[in-house]
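# Chains, contacts and geometry: an overview
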Amino acid sequence: MIYILYLFGSTLYLSTLSHYKQSGYLKLIGYSIPLILFWCLIIGCQYGVGTDYFSYIDIFKGNNFDYISGIRGEYVFSAIAELVIKAGLNPQWGFIFISLIEVLLLLYVMHFSVKNKYIYLFFFVFVCFSGSFHNQMNGLRQYLAIYMLSVVVCLLCRQKFFMAFFLSVITFFIHKSSGIVLPVILVIYALKSKDSRKVLLTVLLVGVALSMLLNNHIIGMIVPYFEMYSNYLKTGAMDDYGIVQKITKYIYIPIYLSAIYKYPSFKLSEEQRRLFLFGVYGFAIKLSVMSIATVSRIGLYLEIISCIPLVYLMIYLYNKGRTKQYLIMLLYLLAPYALKVLVMKTGEYGFDSIFFHWNQLQ
């Protein structure tokens, strides 16, 4: 219930931005302090929600540094952990600091992608559709990298190449697997002018086809070339996703098709067109690799950006006064999410807080 309350409360609060003139990023941060505060209380103060929670607690206590900084070479993340340790803070503060960084990065992506008065729609789609809000409680390093790469995409679309390169280097030393995705991002950017409906539809359909064709045998031939994932093959951890898990991704294909069909009517700026392109590619990549559980993590790096085509579609429906279609789409996104957090409540969709384990704060 806490997740639904946060979703509705934050969405309603952000919708009040429509009463004010467009403002800069820093002013948006100031206005969003209530959202940021509760974000950090929920995400940063989680307790054992993700399977890796206690492993990270151990890292923030000063253990397992050989793996993070030595073996993995993820020096930026280990530096964050060292700040917590040297400051003499409770290990939980590591989660809080990272959750704060992530919400600030998300606000930047939303601010760049849409006008402030539509940020509430982006936030709604982000929570209900992407999965990042919940999964970040487990994959701390990867999701910090995912938020960073989302900003990198925005910087590329703004043609701020130096800042994009600088942030990419930082991201690489947060989570090394991001290095696999960086060349893909550059390829997508190079194809920025190839954004016709025919091309975008082809990209989406290729993603669907690959999601059905890729299997353990094919992935098994590729993974050995990437040392960071080869261990999963040796230990037999390359499991297939079940049909139910695939369906939870396939159900969004119709609204992507609708977004692509109506795309020429959106009247987007050049930067927004590039973001739309990245969004379609991001969803297609996520689909294409979802059949293999571990490798599917590669498809998560653009999942925040993949919200953008759906956000632009909702803005279009709202502005055109197509209230019925707009409300149907809201319910279409909300229903699966509500089922996950109110009925299933497994894994990252369950809830537990450090405040229910007060002795852990001592």
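First, a word on what this report is: a plain description of the structure on this page. As the structure is a computational prediction, the values presented were derived from the model and not from experiment. (Residues numbered from 1 in each chain as written. Predicted model: local features only at pLDDT ≥ 70, side-chain atom pairs only at ≥ 80, totals over all residues. Heavy atoms only, no water.)

For the chain, the count of helices and strands is 20 helices and zero strands. Taking all 362 residues of the chain together, 54% fall into the buried category. By sequence separation, contacts in the chain at least 24 residues apart represent 78% of the contacts at least 6 residues apart. Summing over all exposed atoms, the chain offers an accessible surface of approximately 16600 Å²; the carbon and sulfur share of this is 66%. (Helix = DSSP H or I, 4+ residues; strand = E, 2+ residues; numbered from the N terminus. Buried < 20%, exposed > 50% of the residue type's maximum accessible area, 1.4 Å probe, protein only. Contact = heavy atoms within 4.5 Å. Areas by Shrake-Rupley, 256 points an atom, 1.4 Å probe, with all protein chains shown as cover.)

With that settled, the discussion passes to the packing of helix α1 (residues 2-15) against helix α8 (residues 119-130). The angle between the axes and the distance between the axes are what describe a pair of packed helices. Contact pair α1 / α8: the axes reach a minimum separation of 8 Å and the direction vectors enclose 160°. Classed by the angle they form, the pair α1 and α8 counts as roughly antiparallel. With respect to the hand of their crossing, α1 and α8 are arranged in right-handed fashion. From α1, Tyr6, Leu7, Ser10, Thr11, Leu14 and Ser15 reach across to α8, where they touch Ile119, Tyr120, Phe123, Phe124, Val127 and Cys128. Across the contact of α1 with α8, the residue classes tally to nine nonpolar, three polar and no charged. (Axes fitted to C-alpha atoms, helices over the stretch in contact; angles between N-to-C directions. Parallel < 35°, antiparallel > 145°, perpendicular 65-115°, else oblique. Left-handed = near helix turned anticlockwise from the far one by under 90°. Nonpolar A, V, L, I, M, F, W, Y, C, P; charged D, E, K, R; others polar.)

Under the criterion given, the structure shown has 31 aromatic pairs. Between Tyr6 and Phe133, the aromatic rings sit 5.6 Å apart at their centres with planes inclined by 15°, giving stacked as the arrangement. Remark: Phe133 occurs in helix α9 (residues 132-135) and Tyr6 occurs in helix α1; sequence separation between them is 127 residues. By the burial criterion, Tyr6 is buried, and Phe133 matches it. Positioned over the ring face of Tyr189 is Lys192, at 4.4 Å from the centre of the ring. (Phe/Tyr/Trp six-rings, centres within 6.5 Å; stacked < 30°, edge-to-face > 60°. Lys NZ or Arg CZ within 6 Å of the ring centre and 35° of its normal.)

This paragraph deals with the nonpolar core. Within soluble globular proteins, side chains that are nonpolar tend to cluster in buried spots. Membership of the largest hydrophobic core comes to 124 residues, with the highest contact counts inside it found for Trp39, Phe126, Phe133, Leu333 and Tyr337. At 15 residues, helix α10 (residues 140-157) tops the list of elements feeding residues into this core. Contact partners of Tyr337, with chain neighbours within four places excluded, come to Tyr3, Ile4, Leu7, Val127, Cys128, Phe133, His134 and Tyr349. (Core = buried A, V, L, I, M, F, W, Y, C linked by side-chain atoms within 4.5 Å.)

Let us now look at the pattern of salt bridges. Counted according to the given criterion, the structure contains four salt bridges. Its salt-bridge partner being Arg273, residue Asp195 comes within 2.9 Å of it at the nearest N-O pair. Of this pair, Asp195 sits in the loop between α12 (178-190) and α13 (197-213) while Arg273 sits in helix α18 (residues 270-288), placing them 78 residues apart in sequence. We note a salt bridge from Lys286 to Glu303, for which the minimum N-O separation is 3.0 Å. Of this pair, Lys286 sits in helix α18 while Glu303 is found in the loop between α18 and α19 (308-319), placing the two residues 17 residues apart along the sequence. (Salt bridge = Lys/Arg side-chain N within 4 Å of Asp/Glu carboxyl O.)

Examined against the element boundaries, Phe173 turns out to sit in the loop between α11 (161-172) and α12. With a relative accessible area of 27%, Phe173 lands in the partly exposed category. The spacing of Phe173 and Glu74 is 99 residues in sequence and 4.3 Å in space, taken between C-alpha atoms. Apart from residues no more than four positions distant in its own chain, Phe173 is found in contact with Gly73, Glu74, Tyr75, Val76 and Phe77.

Here we take up the packing of helix α3 (residues 33-44) against helix α7 (residues 92-113). Here α3 crosses α7 at 135°, and the two axes come no closer than 9 Å. Between α3 and α7, the angle falls in the class oblique. Crossing handedness for the pair α3 and α7: right-handed. Mapping the contact onto sequence places Leu35, Ile36, Trp39, Cys40, Ile43 and Gly44 in α3 and Gln92, Phe95, Ile96, Ser99, Leu100, Val103, Leu104, Leu106 and Leu107 in α7. In terms of residue class, the contact of α3 with α7 is built from 12 nonpolar, three polar and no charged.

Another aspect to go through is the side chain of Glu303. Classification of Glu303 by relative accessible area gives buried; the value is 1%. Sequence-distant contacts of Glu303, that is, excluding residues within four places in its chain, are made with Ser130, Gly131, Ser132, Tyr143 and Lys286.

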